[in-house]
Protein chains: 2
Amino acid sequence: MTDQEASNTPEAPAAPAVRPRQASHRGRTVAPVASSNSDEEKFPEFEPTMLLPRGPPPLTEYLDIWDVDLIKRPHEVNKQQHHTSLYSCDYLIVRRAQEFKIKITFNRAYKPAEDKFAVEFVMGASPQYSKGTYIPVFPSGERRSTWHGQVLETSDNVVTMGIITAPDCIVGKYGVYVAVVTPYGIRRTRRDPNLDVYILFNPWSPADAVFLNDEEEREECVMNELGVIYHGSYDDVAERSWNYGQFEFGILDACLFIMDKGAMPLTDRGDPVKVSRKASAMVNSRDDEGVLVGNWSGDYMYGVPPTSWTGSVEILRDYAGSRGQSVGYAQCWVYAAVFNTFLRCLGIPSRVVTNFFSAHDNNGNLKMDIILDEKGRVDRDRTKDSIWNYHCWNECFMARADLPDGFGGWQVVDATPQETSDGMYRCGPASVAAIKHGHVCYPFDAPFVFAEVNSDVVFYCRSNEGTLQPVKVNSSHVGRMVLTKAVLHDGRRDITEFYKFPEGSETERRVMERAEQFGCQREKASAPQADVDVEILGQEVQLGDTFDLVLQLTNHSVQRRVVDMHVSGTVVFYTGVPSAEVLFQTPTVKLEPQQSKKEKLVVRSEAYLKKLLEVQGNLNFIATGKVKETGQIVTAMRLVAVNNPTLTVKVSGSPRVDEEMYVTVEFTNPFKFSLEEVYVRVEGPGIMSIQTKKYSIIGPGSSITWTERFSPRRVGTTKMMASLDCAALRQVYGETEVTIQE
Amino acid sequence: MTDQEASNTPEAPAAPAVRPRQASHRGRTVAPVASSNSDEEKFPEFEPTMLLPRGPPPLTEYLDIWDVDLIKRPHEVNKQQHHTSLYSCDYLIVRRAQEFKIKITFNRAYKPAEDKFAVEFVMGASPQYSKGTYIPVFPSGERRSTWHGQVLETSDNVVTMGIITAPDCIVGKYGVYVAVVTPYGIRRTRRDPNLDVYILFNPWSPADAVFLNDEEEREECVMNELGVIYHGSYDDVAERSWNYGQFEFGILDACLFIMDKGAMPLTDRGDPVKVSRKASAMVNSRDDEGVLVGNWSGDYMYGVPPTSWTGSVEILRDYAGSRGQSVGYAQCWVYAAVFNTFLRCLGIPSRVVTNFFSAHDNNGNLKMDIILDEKGRVDRDRTKDSIWNYHCWNECFMARADLPDGFGGWQVVDATPQETSDGMYRCGPASVAAIKHGHVCYPFDAPFVFAEVNSDVVFYCRSNEGTLQPVKVNSSHVGRMVLTKAVLHDGRRDITEFYKFPEGSETERRVMERAEQFGCQREKASAPQADVDVEILGQEVQLGDTFDLVLQLTNHSVQRRVVDMHVSGTVVFYTGVPSAEVLFQTPTVKLEPQQSKKEKLVVRSEAYLKKLLEVQGNLNFIATGKVKETGQIVTAMRLVAVNNPTLTVKVSGSPRVDEEMYVTVEFTNPFKFSLEEVYVRVEGPGIMSIQTKKYSIIGPGSSITWTERFSPRRVGTTKMMASLDCAALRQVYGETEVTIQE
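> Explain the overall build of chain A to me, please; I cannot follow it from the model alone.
On a plain count of helices and strands, chain A comes out with 11 helices and 41 strands. Judged by the C-alpha coordinates and their principal axes, chain A covers about 110 × 70 × 65 Å. Per-residue burial for chain A yields a buried fraction of 61% across its 742 residues. In the structure as shown, chain A presents an accessible area of about 27500 Å², 47% of it carried by carbon and sulfur atoms. Here chain A contributes 80 positive and 97 negative side-chain charges, whose respective centroids are spaced 2 Å apart.

Right, dumping it as structure tokens:
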């Protein structure tokens, strides 16, 4: 904030020799805003309330504290009842608005009528009662404090106290003191890091803004460390597992560090709206040196390719361990997965969702433009919009006290840096209910999310004079399907209906009108209806296959039609950005009245394979054409997902805690060329931390087999997951389920 | 965005040797988002639409363009009708949704039936029709284009064309081409910077979102270059003049540069909501290397003290001239004044307003805490909140298409960096109507602005055990008055009623309840009513005077009362932050039943003078006390504004354009100490650009006289304004009105 670079005094103030930097807070605020949970202010062991004669005051007759026990071991009552026993963390971790117990041993029996003591919770620099960073809790609940304390049990010198935190208290790490009030002043325990307490959001408490009244949903969206993320294409959905690892050692501290690094005021950290919004900014590195650097280029030389990660743990540990050096590289699912870890770790219910055919970069305008030239061929120079094959974001669950009733529940947050989201690289929380109903006037970033699921694809024909005429409007392409993992099993859950009313319904029409009233612009002109239809038929393609692309043309008129077609096939990044053209043909198709006809075009393996592998891409085919007789333009578009080879993952050995087990990863290069600089990763949440192995070369048709030993750390069903990655082949995954017994 | 720092290839991808930086847009988007108005793409002079044989096509038979006249001189029709003739700028400047004329001379007479031509407007890199950065306008309005063109007149080879831009088109600088369509392709004029056109917002057009249907308001809030900014204290308002200078040479370009520097997407620049929001972030240097560095410290060594500026021109020219090096230093009125220049320059109606007793840094919570100890004395260590004596922000006028009906009109925007406004240093636009009615759920930052005018001041008494008890709630102190300059004359206009319903009214209570429902938190407890009142009486104090502070105590009870008072006087920055205590007394006051009594305390000149001058401060007195008989706490607070000496400014000579005139600035040091390193600035909008003079020393009682020659550049009534500034004395101003004749 401060440190001016001193130098010679300038001649005149109008032309300073040194450009000024940010000045100190002096004069601006009484104290800097506390914005770091890792700062601390040590409280004195004795705080006099009066002028004292020299020497220590005679405190022997007053209560003294011998020991404080936070009852914090995983199997003990606090962590069990607060659903925090899975955290690999020696500290006490409890949730808001729910009682936890502490045992205080005094030097003598506690006399309620005479003795006054308090348990003090403090956070950050200059803790203050009115900022919620200093909270004294007294043993009788009657005191003025939003936190509640009571003596539950007294036995000899030991008092068991129950404490209930405020339902909106700051989430993070507090220091704990026990203080005794004497007539001379306050005597308190010495600062002891072992007495630190983490307080988290509490989806189990109706008083907490993140209350989620469904035990199975909570188990999935707060407690589940293992996730499934959907990708691929709408009609050929692929999936991969992800280790969120929110309970792994160091992850909770990393999440708090992220907020510290973003200088988030402590006072804001009790509000899930503000916490999730801040994290949506901090999970990407733009603006604020956040966690993950985005890279969609195909060149990942200076970091880990986005497709190579198998979980969030490594990423968050690397970021926190380096005190906030951004980690490379991410694409949308990596942002969403790490964001999901952050949210679940702090106790905000969350899930990763995938929107198929997601409109982007269109700034709340409800159209994506594809420009054709006068002949009906795609004008690549002028078509700058792209539709993402899929896009992953997060939903988190919370009440929205800042909005009118009805907009709580699931909220979209998105950490993938968008170029146009209100000038900053963050997005949300935007109420899913508000998006469904077109109430895009409420914060945050609702018009942007609305456009992601509701834009029209508009084909324009550009005349030689430069004017554009809309020739086809496809309003069902974008936001075709929204998927998330099912609750407590690995199936898919289609949640499209939470975002949209049925296509073509009257309600949908009204929702679109409402969004337009709030400034979402769409193409108003309706395109002329052509009497010829074209369609590209779907199919499954194995990577490396030569295959037929099938066009189906139908003449609805009672006259002959001749259609001059342009069919182009392009390797596209998953962002829809074209990389290389692999097919271009211009068939002319003659159709008898009312005839329907198939036209086959061969797509050769050698034409697309190398180009496809480089960009972990898919093939996008666009067929356009002009009907000779009428001048009408016909269009069709289809994304063909290509199925990658997979890894084989097997485990062997005795599936018991601390016993020796083995994992074997096998892969065979199916191609006629060598794979070079191949990295294989394998990890098993709760059973094996991440292992990486590099192969300099895997020859054509060659196989690799890699076996690692591991010892499961805990019981339960989990997965062993592996990825394989090299410049010529990405997005190769494998996994197997493992159940560990006691 | 790109440039990875290349170096040795890392051993394993998990530990990259070089931390990755932002990658390119490759794969992410088809093209980078156009976000600079200064980028340009040259259009070719001939653009073939067909494969051509070698050699130039035979174009001689088609229309050729000999000359294009934009009719852009200040006295000509375009600038006159578009209210842009005052801009010191050779280019054509017009406003949206209003016809302007251009004359095109062809090689022969234009034949409407055969000849096809268009006037093309282009902006930025990769101009696109669908992004609004490429607009061809055809001479007959029937073409598909949101801009309208028609031939108004034809005379020989000259065609006069009228063009009306779309009411929501991008505001900024467009390149203009004239293109003729031939069967071989498009022939167009060569890129000519002289044909550039600036298109601005249009408050005169009902179709524009910034339409303001009041000619006098428009004259004031768009056309007036001279402003008055209020400061001081609620009951002793001070004022100073400011040269907004929105028409001065280079300012319009500087405003466009600010948006370029902030990489604002061109497509957003037609929306006044987005433009004003972006500028609220860019006018301060935080986050984004914006225009002004804030400094409240009193140490302005490496820049210009905030109190020294007399206008915005110097600041904006310095920023744009250095290609975006932030300029030091600003406090709230400097931010507001420069922001005002930006808004008026682009055509968004705007005004600077001053809120007296403005709550800050409280994150939408409706209370500012003052902590007293058990004896009723202010606990300075624990009182971290401060109320600004005043705070300046801007209002700008626009429709809010993004919100439900009723929230258009004046909008608060604030460029002063707030620590807690949604994690970024920007604020607004927040609808003033929404604030008045407590509808703080609408974007942007309404809860923050609501708190600035509506917070309670809560006095807490802190027990020795650490608990806080509210003892007095003052709900009328904050947001006491909101002032802005009157329309077309120099008087004040009280606009408090646009922000708040009358204090204590039923409507006010409902508004507060509504804001609380949206999460604005306030102190719920009502403090016990004391039967003794204390008040500090107001008075005017001349800087350097020794004066009496008068307390008035009233005993409402029928018993005797003894009150132990603590009266402290502190020099405070205008942000309310205390600097030095200059008075501390603890009178004990005995009151007979129902007696009212005055208690006088002497405040000595030598005790406060030096400390006050250093921080351009005021004196804040807090009187607190405890009634012996009842234990009740009484409190009172008063800010005493101290009147600074002023400068004398005189002009002489013949008040005519281009004639010689003189300005004389006089000042006498009224103090018993020397003033060192004194800077004097003087400027006269439209008559003299800024002049600075430095005096190394001005002895006690010494006078300076400085005369400068100038030649008025234009007719009209304006002001000559001067400021004097040194470390020991700030905020000394003087001005005189000057009327220049033809």
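Next comes the rest of the write-up.
> It is not clear to me how the side chain of S241 of chain A should be interpreted in this structure. Could you clarify?
Residue and element names in this part refer to chain A. Mapped onto the secondary structure, S241 falls in strand 13 (residues 236-243). A polar contact of 2.9 Å, which involves the side chain of S241, links it to the side chain of K719. Separated by 2.3 Å, the side chains of S241 and E735 make a polar contact. Dropping the residues within four chain positions of it, S241 is found in contact with G227, V228, T310, K719, M721 and E735.

> Help me out: how do you make sense of the sheet that holds strand 27 (residues 547-555) of chain A in this one?
As a general point, the strands of a sheet are linked pairwise by backbone hydrogen bonds and lie either parallel or antiparallel. Residue and element names in this part refer to chain A. Read across the open sheet, the three strands follow the order 25-27-31; overall the sheet is antiparallel. A single partner strand is all that each edge strand has here, and the edge strands are strand 25 (532-536) and strand 31 (596-603). Averaged over neighbouring strand pairs, the angle between their axes works out to 20° when direction is ignored. With five bridges joining them, strand 25 and strand 27 adopt antiparallel strand pairing. Counted as the bridge partner of V534 is L553 from strand 27.

> Would you explain the pairing of strand 21 (residues 456-462) of chain B in this entry?
The side chains of a regular strand alternate between both faces of the sheet. Residue and element names in this part refer to chain B. When you tally the buried positions in strand 21, you get seven out of seven residues, the bulk of the element. Covered by surrounding structure in strand 21 are D456, V458, Y460 and R462 together with V457, F459 and C461, the residues of both alternating faces. Looking at chain direction, strand 21 and strand 22 (residues 468-474) are connected through six bridges and run antiparallel. Bridge assignment links Y460 to a residue of strand 22, and that residue is P470. Counted along the chain from strand 21 to the antiparallel partner strand 22, the turn is five residues long, and its residue G466 has a positive phi close to 105°.

> Teacher, can you tell me more about the packing of helix 3 (residues 251-261) of chain B against helix 5 (residues 313-321) of chain B here?
The packing of two helices is summarised by the inter-axis angle and the distance between the axes. All names here are of chain B. Between helix 3 and helix 5, the shortest axis-to-axis distance is 9 Å and the interhelical angle comes to 50°. The orientation of helix 3 with respect to helix 5, classified from their angle, is oblique. Seen along the crossing, helix 3 lies across helix 5 with a hand that is left-handed. Contacts between helix 3 and helix 5 involve I251, A254, F257, I258 and K261 from the former and V313, L316, R317, Y319 and A320 from the latter. A per-class count over the contact of helix 3 with helix 5 returns eight nonpolar, no polar and two charged.

> Looking at this model, I keep getting lost on the packing of helix 4 (residues 272-282) of chain B against helix 6 (residues 332-346) of chain B. Mind explaining?
All names here are of chain B. Where helix 4 contacts helix 6, the two axes come as close as 10 Å, and the packing angle between them is 155°. Between helix 4 and helix 6, the interaxial angle falls into the category roughly antiparallel. Helix 6 is crossed by helix 4, and the crossing has right-handed handedness. Residues V275, S276, A279 and S280 of helix 4 lie in contact with helix 6, whose contacting residues are F339, F342, L343 and L346. Its residues placed into classes, the contact of helix 4 with helix 6 shows six nonpolar, two polar and no charged.

> What is the right way to look at the packing of aromatic side chains in this model?
The relative placement of two aromatic rings is captured by the distance of their centres and the angle of their planes. All names here are of chain B. What the rule picks out here adds up to 51 aromatic pairs over all chains. When the centroid spacing of 6.5 Å and the interplanar angle of 75° are considered together, the rings of Y62 and Y184 count as edge-to-face. Here the residue Y62 occupies a position in the loop between strand 1 (46-48) and strand 2 (65-69), and Y184 occupies one in the loop between strand 9 (172-182) and strand 10 (185-188), the gap between them amounting to 122 residues. According to the relative accessible area criterion, Y184 is partly exposed, its value standing at 22%. With a centroid separation of 6.0 Å and an interplanar angle of 50°, the aromatic rings of Y300 and Y329 are classed as tilted.

> I tried to follow the sheet that holds strand 7 (residues 148-155) of chain A on my own but got confused; where do I start?
Residues and elements named next belong to chain A. In spatial order, the strands read 2-4-8-7; together these four strands make up an open sheet with antiparallel pairing. The sheet is open, and its two edges are formed by strand 2 (65-69) and strand 7, each paired on a single side. Neighbouring strand axes in the sheet, compared pairwise and without regard to direction, differ in orientation by 25° on average. Here strand 2 runs beside strand 4 (residues 99-106); their pairing, made up of four bridges, is antiparallel. When the sheet's bridge partners are listed, D69 is paired in strand 4 with K103.

> Teacher, can you tell me more about helix 10 (residues 605-614) of chain B here?
Note: α-helices contain 3.6 residues per turn, so residues at a spacing of three or four share the same orientation. Residue and element names in this part refer to chain B. Of all the positions in helix 10, only S605, Y608, L609, L612 and L613 are classed as buried. Burial along helix 10 is one-sided: seen end-on, the buried residues are contained in an arc of 115°. Away from its buried face, by an angle of more than 90 degrees, helix 10 presents the exposed residues E606 and K610. Trailing helix 10 by a residue or two, Q616 shows a phi angle of about 40°, which is positive.

About the thresholds
- Residues numbered from 1 in each chain as written.
- Chains lettered and ligands numbered in written order.
- Predicted model: local features only at pLDDT ≥ 70, side-chain atom pairs only at ≥ 80, totals over all residues.
- Heavy atoms only, no water.
- Helix = DSSP H or I, 4+ residues; strand = E, 2+ residues; numbered from the N terminus.
- Buried < 20%, exposed > 50% of the residue type's maximum accessible area, 1.4 Å probe, protein only.
- Areas by Shrake-Rupley, 256 points an atom, 1.4 Å probe, with all protein chains shown as cover.
- Lys, Arg positive; Asp, Glu negative; His and termini not counted.
- Charge placed at Lys NZ, Arg CZ, Asp CG, Glu CD.
- Polar contact = N/O pair within 3.5 Å; in protein donor to acceptor, adjacent residues only side chain to side chain.
- Contact = heavy atoms within 4.5 Å.
- Pairing = 2+ DSSP bridges.
- Axes fitted to C-alpha atoms, helices over the stretch in contact; angles between N-to-C directions.
- Parallel < 35°, antiparallel > 145°, perpendicular 65-115°, else oblique.
- Left-handed = near helix turned anticlockwise from the far one by under 90°.
- Nonpolar A, V, L, I, M, F, W, Y, C, P; charged D, E, K, R; others polar.
- Phe/Tyr/Trp six-rings, centres within 6.5 Å; stacked < 30°, edge-to-face > 60°.
- Arc of directions from axis to C-beta.

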